[in-house]
Structures are given as C-alpha cells and as structure tokens.
Amino acid sequence: MGQPLPLSDVCPLGSARPSGSVQTKLQEQQMKKIVTWILIADGAQARVLEHTGPGKGLATVKGLDWSIEPLQSQDINSDRPGRAHSTVGRSAMGPKVDPVEHREAEFLRSVAAVLDRKALEGAFDRLVIAAAPPALGNLRKFLSDHAKKAVVAELDKDLTNLPTQNIDRHLDGIIAV
C-alpha cells in the first residue's frame, strides 16, 4: 500500500474534483460580484446608482446623471395656433405633438441609449428602473432587447428628488441594500 491521501485530495463518493484551472475559474465565477444598477428617472432628470451586494449600500455611478431644464408648453408655444379654413368654417390648429412630451421622450431616448451601450459593455448584470409612469413607459419603448433582459424590477415611482440615502427603503423586497 502507498501513503494515505491528504484530506484535501479526498472527494466524497460520486463527486469529481475539478482540476486546478477549472477550479480557479469556478472560484472566480462564484466570487464575481453581481452589479445591479438602479436607474432613477423622470422626463427631465435621471441618475444611475450602483449596488454591489447586501450591506454595501448605493453609490452614484460617476458620469451617469443627466438633466434638462424642464419647460412648460407655454414656454415653447408662445404664439397662438394658426387658423385653418375649411368648408365647415374656421378653426384653430394646435400642435400635433406636445413639445414638452416630445422633449422629455428624446431625453429618455438618450438615457436609454447610454444604458444600452453600458449593457453591451457588461458594466452591470441587473437593472432596476424607478421612474415616473410616463417616463417608465418611454424607457420601455427605447431600451434595447439586450438591456431589457437585464431588467429585474420596475417601480412606477418618481424618486428623482430623493437623496440617494433615502432611496433604499423604496427598493425593499427588490434588492438587499
């Protein structure tokens, strides 16, 4: 008989022990932190927070906060609507698209484009979206399929005016902050 095997080389019956390089890869995968991004948005401002695990809190992702000056329809449509003549009579012509809604939609389209690019780069594993209901609807339309696959939760709440330290209570049951 030879020498007894060290305990580190003994495997339970029916299990196989991975070789060194395979074992190293498995350990790296198990140790890789899961990065969750939380998008907080409305039609005029947005920011991305990052969560890397329970008890780690939320951190603002540098360079991923945006805002546009909110405008009211009267700020954009300062002129009265034009007049149209028809066989029935005269009537006012209004804009076909609300300029404020259009501006906010374009803002959210640009936010979605950045998230799409970051998703393709592998910057995050999971995405939570907390947005005012109209903004949430636009984001659903504008996000790519690849980014949509990362979405694990949506909150139809406008949290844009809350400080980062107060957002965690709204994420209860979604992520362990």
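Residues numbered from 1 in each chain as written. Predicted model: local features only at pLDDT ≥ 70, side-chain atom pairs only at ≥ 80, totals over all residues. Heavy atoms only, no water.

## Focus on the side chain of asparagine 138
So, step 1. Its location among the elements puts asparagine 138 in helix α4 (residues 133-142).
So, step 2. Relative accessible area serves as the criterion here: at 15%, asparagine 138 is assigned to the buried category.
So, step 3. Ignoring sequence-local partners within four residues, the contact set of asparagine 138 consists of Ala105 and Leu108. (Helix = DSSP H or I, 4+ residues; strand = E, 2+ residues; numbered from the N terminus. Buried < 20%, exposed > 50% of the residue type's maximum accessible area, 1.4 Å probe, protein only. Contact = heavy atoms within 4.5 Å.)

## Some words on the pattern of salt bridges
Side chains that differ in charge, positive against negative, can pair when their charged atoms come close.
So, step 1. Scanning the entire structure with this criterion turns up 4 salt bridges.
So, step 2. For the salt bridge of arginine 109 with glutamate 106, the shortest nitrogen-to-oxygen distance reads 3.4 Å. One end of the pair, arginine 109, and the other, glutamate 106, are both in helix α3 (residues 99-121), 3 residues apart, so they sit about a helical turn from each other.
So, step 3. Judged by relative accessible area, which is 42%, arginine 109 ranks as partly exposed.
So, step 4. A relative accessible area of 35% places glutamate 106 in the partly exposed class.
So, step 5. A salt bridge links lysine 118 to glutamate 121; its shortest N-O distance comes to 3.8 Å. Of this pair, lysine 118 and glutamate 121 both sit in helix α3, 3 residues apart, which is roughly one turn of the helix.
So, step 6. A relative accessible area of 23% places lysine 118 in the partly exposed class.
So, step 7. Assessed through its relative accessible area of 53%, glutamate 121 is described here as exposed.
So, step 8. A single network of salt bridges, built from pairs that share partners, joins Arg117, Lys118 and Glu121. (Salt bridge = Lys/Arg side-chain N within 4 Å of Asp/Glu carboxyl O.)

By themselves, these are just geometric observations and shouldn't be taken as functional.
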